[in-house]
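# Structure assessment
Residue-level listing of the chains:
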Amino acid sequence: MKKIELYWQILIAFVLAILFGIFFKNQVHYVAWMGVVFIKALKMIIIPLIFASMISGVSNIGDAKNLGRLGAKTVAYYLGSSVLALLTGLILVNLIKPGVGADLGFKESITGVGVVNQSFGDTLLTIIPDNIVKAMVENNMLGIIFFGILFGFFIIKVDKVYKDSLTNIFNGLFEVIMKFTMFIIKFTPLGIFGIVANQVASQSNLGEVVARLGMYIGVVLLGLVVHSMISLPLILKFIGKVHPLKQLRAMRIPLFTAFTTSSSNAALPFTMEALEDNSGVSKTIVRFMLPIGTTVNMNGTALYELVAAIFIAQAYGIDLTLGQQAIVLVTTLMASIGAAGIPMAGLVMITIILSAIGLPMEGIGLILSVDRILDMFRTAVNVWSDSCGAVVVAHSEGETLKV
Ligand code: ASP
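All values reported here derive from a predicted model rather than from experimental measurement. As a convention, each chain's residues are numbered from 1 in the sequence order in which they are written. Two thresholds apply to this predicted model, a pLDDT of at least 70 for residue-level local features and 80 or more for giving and counting side-chain atom pairs, whereas whole-chain, interface and lining totals are computed over all residues. Hydrogens and water are ignored here; the side-chain numbers use all heavy atoms of the structure.

### A short note on the site of the ligand
Lining the immediate environment of the ligand, one finds 15 residues, of which Ser264, Thr301, Gly346, Asp375 and Arg378 sit closest. Pairs of N or O atoms within 3.5 Å make up the polar contacts considered here, provided that, within protein, one atom can donate a hydrogen while the other can accept it, and that residues adjacent in sequence are counted only when both atoms are side-chain atoms. A distance of 2.6 Å separates an oxygen atom of the ligand from a polar atom in the side chain of threonine 301. The backbone of glycine 341 places a nitrogen or oxygen atom 3.2 Å from an oxygen atom of the ligand. Only the protein chains shown count as cover for residues, and all accessible areas are computed by the Shrake-Rupley method using a 1.4 Å probe. Expressed as a share of its isolated accessible area of 270 Å², the protein-covered part of the ligand is 100%. What counts as a helix is a DSSP run of H or I of at least four residues, what counts as a strand is a run of E of at least two, and both are numbered from the N terminus. Elements that contribute at least two residues to the shell around the ligand include exactly helix H16 (345–356) and helix H18 (371–396). To be near a molecule or strand, a residue needs just one of its heavy atoms within 4 Å of it.

Next up, the structure:
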């Protein structure tokens, strides 16, 4: 019998999981564990993956000049695409005004979300870990990336004997982790079945919530669609000279994983694999750009946070001036950089934006109930933008791509 392609297996699992979640609500614990195991396996490889990937990526770049050029292009793409996403959100939320006249009686407790009081300065400081092992234990991605970039950079600087053997070791380590990833990927349909069935079963009165916050959900989704289906494809076509639909097809498994897990970190191994194998981006660019992109480049999250903050202001009847909106935009950009690639991270960061412009924290209660759904979409957009960045930079470096 012909083997069903992995993507179809995942889609079938997705549909079956929705049906299971609806019809076997009380039996869902029999399958939910599969999702838990799957996420645990992905979490298990994420730190070694980022660590090995950064060091291998940087040391393969070869010399400091190339590193500087690639670094500058990476930063330019990440900043440019984030600002584009933010402007899209800003225009839509001002045109449609989803919060004006919204029902303020709808408040939920925000306990459990964990209000973060970290300022942007604090975030910057965590980039330099005082202990690299602690950074790994605490999932401090920026710290691990920073250490990895320096480690890789100094590998380039040592004598050839050491340089060659260390480069080999980290390349080897990375290859092993990718084999490991390939093994976990085989179980994706089962993992996604567990996750989705559980989510569907634990969803309560979704209809009512959607009706209340419909306009807000609509603006976030419209913004995400415009950014991912119009803006990014235009960048792909005109700057990256690649076919947007082919790139979308190449990325379908990572995007689906991002959507169902709501975590760009969980999707990272899939994204790297797909970019190398399906899009034809070189190992060096993938290993250098993707760990950074997954952590700092969050177009979907940025757009969502901006719309949410302005929606909350509108709902409280606060008219933000252009200057205040500019502050929201800059703060949101930083909050999206600081947000971790895990579920609901973007929601937590909204507290920072709200406090920056002096909006009531309870405003979060307004949007809490629909965060889970929006998280799926914004995470997929985050991953999509990371992948677009890699092909655009690869093209500018003269690489021949498969898309
Ligand atoms: N869940 C998102 C991600 O992993 C972050 C967020 O909550 O916006 O990319």
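After that view of the structure, there is still more to cover.
### Regarding the confidence of the model for the chain
Mean pLDDT for the chain: 88, with 92% of residues reaching 70 or above. Confidence of the predictor in every single residue is expressed as pLDDT, which spans 0 to 100. Contacts are assigned to residue pairs that have any heavy atoms within 4.5 Å of one another. Confidence over residues 104–117 falls short of pLDDT 50; this stretch has 26 contacts with residues more than four positions distant or in other chains.

### Quick look at the layout of surface pockets
Estimates place the volume of the largest pocket at around 950 Å³. The method works on a 1 Å grid over the protein atoms by themselves. A cavity is a set of points holding a 1.4 Å probe that cannot get out, a pocket is an open set with protein on both sides within 12 Å along at least five of seven lines, and residues with an atom within 4 Å of a point line them. Asn139, Asn265, Ala340, Gly341 and Ile342 are, among the 38 residues lining the largest pocket, the residues nearest its centre. Put simply, the parts of the chain that give the lining of the largest pocket at least two residues each are helix H2 (29–61), helix H4 (120–126), helix H6 (141–157), helix H8 (188–201), helix H11 (252–261), helix H12 (264–279), helix H15 (322–338) and H16. In terms of residues, the lining of the largest pocket owes the most to one element, H2, which gives nine residues. Note on residue categories: nonpolar means Ala, Val, Leu, Ile, Met, Phe, Trp, Tyr, Cys or Pro, charged means Asp, Glu, Lys or Arg, and polar means any other residue, Gly included. The residue inventory of the lining of the largest pocket, partitioned by class, reads 19 nonpolar, 16 polar and three charged. Grid points are joined across faces, edges and corners, and a volume is the space filled by probe spheres set on the points.

### Structural notes on empty space enclosed by the protein
It is a probe the size of a water molecule, rolled over the atoms, that shows where empty space is left. Within this structure, the stated rule accounts for one cavity of 30 Å³ or more. In this structure, the largest cavity encloses a volume near 60 Å³. Thr301, Ala340, Ile342, Asp375 and Asn382 are, among the 14 residues lining the largest cavity, the residues nearest its centre. Within the residue set of the lining of the largest cavity, elements represented by two or more residues are H16 and H18. In terms of residue class, the lining of the largest cavity is built from five nonpolar, seven polar and two charged.

### What to know about the packing of H2 against H6
Helix packing for two helices is described by the angle between their axes and how far apart those axes are. Close contact between H2 and H6 brings their axes to 7 Å; oriented N to C, the two are set at 35°. The two elements H2 and H6 meet at a crossing, and its hand is right-handed. In contact with Ile46, Ile47, Ile50, Phe51, Met54, Ile55, Val58 and Ser59 of H2, H6 contributes Met141, Ile144, Ile145, Phe147, Gly148, Ile149, Phe151, Gly152, Phe153, Ile155 and Ile156. Class assignment of the residues belonging to the contact of H2 with H6 gives a composition of 16 nonpolar, three polar and no charged. A fitted line through C-alpha atoms represents every axis, and for helices the fit uses only the stretch in contact; the resulting angles, taken between N-to-C directions, go from 0 to 180 degrees. With the far helix as reference, a near helix turned anticlockwise by less than a right angle produces a left-handed crossing, and one turned clockwise produces a right-handed crossing.

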